[in-house]
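So you can see what is in the structure, the chains are spelled out below.
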Amino acid sequence: MFWVSALVVAVVTALILIGVLPGRRRSTTRDKGTPRWAGRLVILGGVVVPVAVLAVLWAFTLSDMSALSQPRRLVAMKVQVVGHQWWWEVRYPRQGIVTANDIHIPVSRPVEVELTTDDVIHSFWVPQLTGKTDLISGRTNRMWIQADRPGVYRGQCAEYCGLQHANMIFYVVADPPDTFRQWLSREGQPAATPTGSAATRGREVFLSSACVGCHTIGGTEAQGKVGPDLTHVGDRISIGAGTLSNTPSNLAIWISDSQSVKPGNLMPPIPLRPDELEAVIAFLEGLDWSRSGKRSRGSVPGSTPWTTSGSESGTATRLSCSSSPPGSRPC
Ligand code: HEC
Ligand SMILES: [Cu+2]
């Protein structure tokens, strides 16, 4: 490519020099009019050569484009992603799993992603893994992603979709095969039974308040579809699609007034008494299959260390990512 361009530059420069050389112009153009070869040069250099070059490049582009849009190997699995204002619903149809905002995939395997939207146009973008693909109503767009190293890859809605567009974040978590299989089998199960009196009370509060109208918790009467599925919410990286890190104190802030941290989001403030709030938090934190030590949050091999800022009690701790160790994929 470089040498072809260099040749073109040299030829063009030579032609310009010939044209501007003072001596020749006087003797040829004024006296005898335009020479016949000049017309042919314009047709050849201005029409025939560019058409030939562009046609060859076009053929290469078309074949590369179709190669890039197809996975090289058969896709390992399919994930459906539904865009909502302002969070991501994530479904694994074959495994019957519904979750939100975290997309677990097996490392080094191509995964097909089916994109639809529940409301306006959104755009699915994981800068480190793939380009942008829009989520358009009435249409299913297909693309595929593959992560060659385990880790957490930050994704972002890339099409302005309303007030909280910037807080419409998601994470692709690429797990080694064993970890991924464990995640799949556990995520497919109904919610953990509450242990302890606080969590048991929290379950009652949840099931008897407005929460059930909007949220699903597998294995309970809560089957709402307005907000994210909360069956294994304790296991997720963030609350509110990347707005806050997933900690008990942030859960408290989110539930008592999510509007203070994500203004305009579609969950209204729910008035709960302090003891009810505490109980609900104990219940939700318990909805975490990996409580027994192996949380995926912060312990994914090669994952980015998540740090929080403003962690004094009572203030929201925002999710931000700090210095990543050498060799790990940054967020
Ligand atoms: C009117 C519907 C509605 C009601 C009622 C509601 N929520 Fe929500 N909830 C939502 C929506 C919508 C979101 C997603 C907001 C966003 O991220 O933009 C959400 C998000 C959440 C999240 C964060 C989930 C995640 O993965 O980011 C939690 C936790 C939560 N709600 C708990 C509750 C609890 C507990 C109650 C009852 C006290 C409740 N919600 C009542 C609609 C509702
Ligand atoms: Cu958006």
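Quick note: structure is the one above.
Comments concerning the overall build of the chain
A tally of helices and strands in the chain yields 8 helices and 14 strands. A separation threshold of at least 6 residues defines the contact pool for the chain, and within that pool the share at least 24 residues apart is 64%.

Considerations on the pairing of strand S3 (residues 97-100)
A regular strand places its side chains so that they alternate between the two faces of the sheet. Where burial is concerned, the two faces of S3 agree: the one with Ile 97 and Thr 99 and the one with Val 98 and Ala 100 are both buried. In this structure, strand S2 (residues 87-92) lies alongside S3, joined through 4 bridges in antiparallel fashion. Bridge assignment links Arg 91 to a residue of S3, and that residue is Val 98. In textbook terms, the turn of a hairpin is the stretch between consecutive antiparallel strands, and for S2 and S3 this stretch comprises 4 residues, one of which, Gly 96, has a positive phi near 65°.

Side note on the site of ligand 1
Residues in close proximity to ligand 1 total 32 residues, the closest being Cys 211, Cys 214, Gly 227, Asn 265 and Met 267. Those elements that provide at least two residues to the shell around ligand 1 are helix H6 (211-214), helix H7 (248-257) and helix H8 (274-285). A class-by-class count of the residues in the shell around ligand 1 yields 22 nonpolar, 8 polar and 2 charged. Mapped onto the domain boundaries, the shell around ligand 1 takes at least three residues apiece from domain 1 (77-176) and domain 2 (197-319).

Examining the nonpolar core
Val 113 and Val 172 are the most contacted members of the largest nonpolar core, which has 31 residues in total. Those elements that provide at least two residues to this core are strand S1 (77-84), S2, strand S4 (102-106), strand S5 (111-117), strand S8 (141-145), strand S9 (151-157) and strand S10 (169-175). In terms of residue count, S10 provides more of this core than any other element does, 6 residues in total. Residues within four places of Val 172 in sequence aside, it is in contact with Ile 103, Ile 105, Val 126, Leu 129, Ile 145, Ala 147, Tyr 153 and Gly 155. Counting residues in each nonpolar core, the second largest holds 21 residues, with Cys 211, Ala 222, Phe 283 and Leu 287 among its members.

Remarks on the packing of helix H5 (residues 197-207) against H8
Orientation of H5 relative to H8, taken along the N-to-C sense of each, is 105°, at an axis distance of 7 Å. Classified by the angle their axes make, H5 and H8 are roughly perpendicular. Along the contact surface, H5 presents Ala 198, Ala 199, Arg 201, Gly 202, Arg 203, Val 205 and Phe 206, while H8 presents Glu 276, Glu 278, Ala 279, Val 280, Ile 281, Ala 282 and Phe 283. By residue class, the composition of the contact of H5 with H8 is 9 nonpolar, 1 polar and 4 charged.

So, the sheet that holds S4
As summarised here, the arrangement of the 5 strands in space is S4-S10-S9-S6-S7, forming an open sheet in which the pairing is mixed. The strands lining the two open edges of the sheet, one partner per strand, are S4 and strand S7 (133-135). With direction set aside, neighbouring strand axes in the sheet form an average angle of 25°. Note: strand S6 (residues 122-125) against S7, 3 bridges, orientation antiparallel. Directly across from His 122, in S7, lies its bridge partner Leu 135.

How each quantity is defined
- Residues numbered from 1 in each chain as written.
- Chains lettered and ligands numbered in written order.
- Predicted model: local features only at pLDDT ≥ 70, side-chain atom pairs only at ≥ 80, totals over all residues.
- Helix = DSSP H or I, 4+ residues; strand = E, 2+ residues; numbered from the N terminus.
- Contact = placed C-beta atoms within 7 Å.
- Buried ≥ 20, exposed ≤ 12 C-beta atoms within 10 Å, placed from the backbone.
- Pairing = 2+ DSSP bridges.
- Near = placed C-beta within 6 Å.
- Nonpolar A, V, L, I, M, F, W, Y, C, P; charged D, E, K, R; others polar.
- Domains from an automatic or database assignment.
- Core = buried A, V, L, I, M, F, W, Y, C linked by C-beta atoms within 7 Å.
- Axes fitted to C-alpha atoms, helices over the stretch in contact; angles between N-to-C directions.
- Parallel < 35°, antiparallel > 145°, perpendicular 65-115°, else oblique.

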